[in-house]
Amino acid sequence: MRQLKYFVEVAMSLSFSEASRKLYITQGTISQQIRQLEDEMGTQLFDRTSQKIVLTEAGLEMLPLALKVIEDADICREKITNLRNAAVGTLNIGATRSFCRLINSAMFSFLREVPGVKLTVSYKTASEQLYMLRRNEIDMAVAFRPDVQYEDIVTYPLFRTHLCAVMRNDHPLSDRTQVTLSELEDYGIAIPGRGSSQGCHFGRFAGIDTGRLKVRAEINDPHLLVDLAQAANLVAIITPVSSWNRPGMVAIPLEDGRFTMTGCVHFLKDRYRKKSGELFLSMLMEEAAIYRFERNLQKQ
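A quick note: this is a predicted structure, and the numbers were derived from the prediction, not measured.

**Q** Would you mind going over the packing of helix α1 (residues 2–13) against helix α3 (residues 27–41) with me for this structure?
**A** Running from N to C, α1 and α3 point in directions that differ by 110 degrees, and their axes come no closer than 9 Å. Relative to α3, the element α1 is oriented roughly perpendicular. On the side of α1, the interface is formed by Gln3, Leu4, Tyr6, Phe7 and Val10, while α3 contributes Ile30, Gln33, Ile34, Gln36, Leu37 and Glu40. Considered class by class, the residues forming the contact of α1 with α3 number seven nonpolar, three polar and one charged.

**Q** Looking at this structure, I do not really get the sheet that holds strand β3 (residues 89–95). What am I missing?
**A** Picture the strands of a sheet paired through backbone hydrogen bonds; they go either parallel or antiparallel. Spatial strand order, β4-β3-β5-β12-β6: five strands in an open sheet with mixed pairing. Looking at which strands have only one partner, the edges of the open sheet turn out to be β4 (117–123) and β6 (153–162). Ignoring which end each strand starts from, the neighbouring axes of this sheet average 20 degrees apart. When β3 meets strand β5 (residues 140–144), the two strands line up parallel, connected through three bridges. Across the sheet, the residue bridging to glycine 94 is alanine 141, located in β5. Strands in contact with helix α5 (residues 100–113) are β3, β4, β5 and β6; relative to β4, the strand with the most contacts, it is inclined by about 175 degrees. Packing of helix α6 (residues 126–134) onto the sheet brings it into contact with β3, β5, β6 and β12 (260–268), and relative to β5 it is tilted by some 160 degrees.

**Q** Can you walk me through α5 in this structure?
**A** Three or four residues apart is the spacing at which side chains of an α-helix point the same way, because the helix has 3.6 residues per turn. Relative to the 20 Å expected for 14 residues at 1.5 Å per residue, α5 spans 20 Å between its end C-alpha atoms, a close match to the ideal helical length. The complete set of buried residues in α5 reads Cys100, Leu102, Ile103, Ala106, Met107, Ser109 and Phe110.

**Q** Hey, could you run me through the pattern of salt bridges in this one?
**A** Summed over the entire model, instances satisfying the criterion amount to 13 salt bridges. Close ionic contact of glutamate 185 with arginine 212 constitutes a salt bridge, the shortest N to O distance being 2.9 Å. Here glutamate 185, found in the loop between β7 (164–168) and β8 (188–192), pairs with arginine 212, found in the loop between α7 (197–206) and β9 (214–219); they are 27 residues apart in sequence, far enough to count as distant. Three or more residues are tied together by salt bridges with common partners; here these are Asp139, Arg271 and Lys274.

**Q** What's the story with empty space enclosed by the protein in this structure? I'm lost.
**A** Counted under the stated rule, the structure contains one cavity of 30 Å³ or more. The space that makes up the largest cavity amounts to roughly 80 Å³. Every residue lining the largest cavity is listed: Leu91, Asp139, Phe267, Leu268, Arg271, Tyr272, Arg273, Lys274 and Gly277.

**Q** Please explain the layout of surface pockets as it appears in this structure.
**A** Empty space within the largest pocket amounts to approximately 410 Å³. In this structure, the largest pocket is lined by 21 residues; those nearest its centre are Phe144, Arg145, Pro146, Asp147 and Ser197. At the level of secondary structure, the elements contributing two or more residues to the lining of the largest pocket comprise α6, β5, α7 and β12. Classifying every residue of the lining of the largest pocket by side-chain character gives nine nonpolar, nine polar and three charged.

**Q** Got a minute to help me understand the sheet that holds β9 in this structure?
**A** On the basis of which strands lie adjacent, the open sheet formed by five strands has the order β9-β8-β10-β7-β11 and mixed pairing. Two strands close off the open sheet at either side, each with one partner strand: β9 and β11 (249–253). Neighbour-to-neighbour, the strand axes of this sheet turn through a mean angle of 30 degrees, independent of strand direction. Relative to strand β10 (residues 235–238), β7 runs antiparallel, the two sharing three bridges. Following the sheet pairing, cysteine 164 is matched in β10 by isoleucine 238. Sitting on the sheet, helix α8 (residues 222–232) touches β7, β8, β9, β10 and β11, and the angle it makes with β10 is about 160 degrees.

What counts as what
Residues numbered from 1 in each chain as written. Predicted model: local features only at pLDDT ≥ 70, side-chain atom pairs only at ≥ 80, totals over all residues. Heavy atoms only, no water. Axes fitted to C-alpha atoms, helices over the stretch in contact; angles between N-to-C directions. Helix = DSSP H or I, 4+ residues; strand = E, 2+ residues; numbered from the N terminus. Parallel < 35°, antiparallel > 145°, perpendicular 65-115°, else oblique. Contact = heavy atoms within 4.5 Å. Nonpolar A, V, L, I, M, F, W, Y, C, P; charged D, E, K, R; others polar. Pairing = 2+ DSSP bridges. Expected span 1.5 Å × (residues − 1). Buried < 20%, exposed > 50% of the residue type's maximum accessible area, 1.4 Å probe, protein only. Salt bridge = Lys/Arg side-chain N within 4 Å of Asp/Glu carboxyl O. 1 Å grid on protein atoms, 1.4 Å probe; cavity = no way out; pocket = protein on both sides within 12 Å on 5 of 7 lines; lining within 4 Å. Points joined across faces, edges and corners; volume = space filled by probe spheres on them.

Everything listed here is a matter of coordinates, which is why it stays silent on function.
Structure representation (structure tokens):
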């Protein structure tokens, strides 16, 4: 690139001395670089005489090509700089539906503050997200921490939560601070589907206790579970993040430490991480802090 720039400057001015003045380098340096370029190209680019220099046929052919290469290099540099500064590009995010409202809140801030970056969000199960992450189909995954620790995944916790009994605020149990599974046996229950993180977590730790529950619905979409609990006056077993800012609904913790879960952002370890991904992570953490603060207010 340096040699091409020297060649273009000399070709435009047809003067080694004028080119050296504009480039702030010695005339000898330019002459040496031009000769190296001619050696690499295997042809003479300038016809030098004592009075003047002119472009050869090869030099005339090469000038517009060199100008195009330099222009493309400048565009490339500008685009890479913009990518580095999160001014342009695409950020691909995978998330479970449990984080829908948290993602939406962060997305509104991101789209407002980073207008040049296109944002795509795919709602998948946690296992599907990890598969997509390893195939470079998404840049980050937002899901609950898996039971197994993967060596190729780096995880950033957003908040700790637990499965709750989410119900209407006029439900007979709505004034409790905690409930047990046995206390829920007299009421209709809606539980997360087995394919979801929350469903797997609940099924693994509840075990045989679920046999006495009146399970009326099993759905993979946590927000639909809350809708159902609100419309049909059922108790939805779900994390409170799914009922965040839902009027008329309360989330009462299950009285068992086994039902604790951690919401996280997952990246592939030792892989290039986009600046836009770092920005979205910080916005997610801000939204998670707001969520934790509001949950603490509700408990007081």
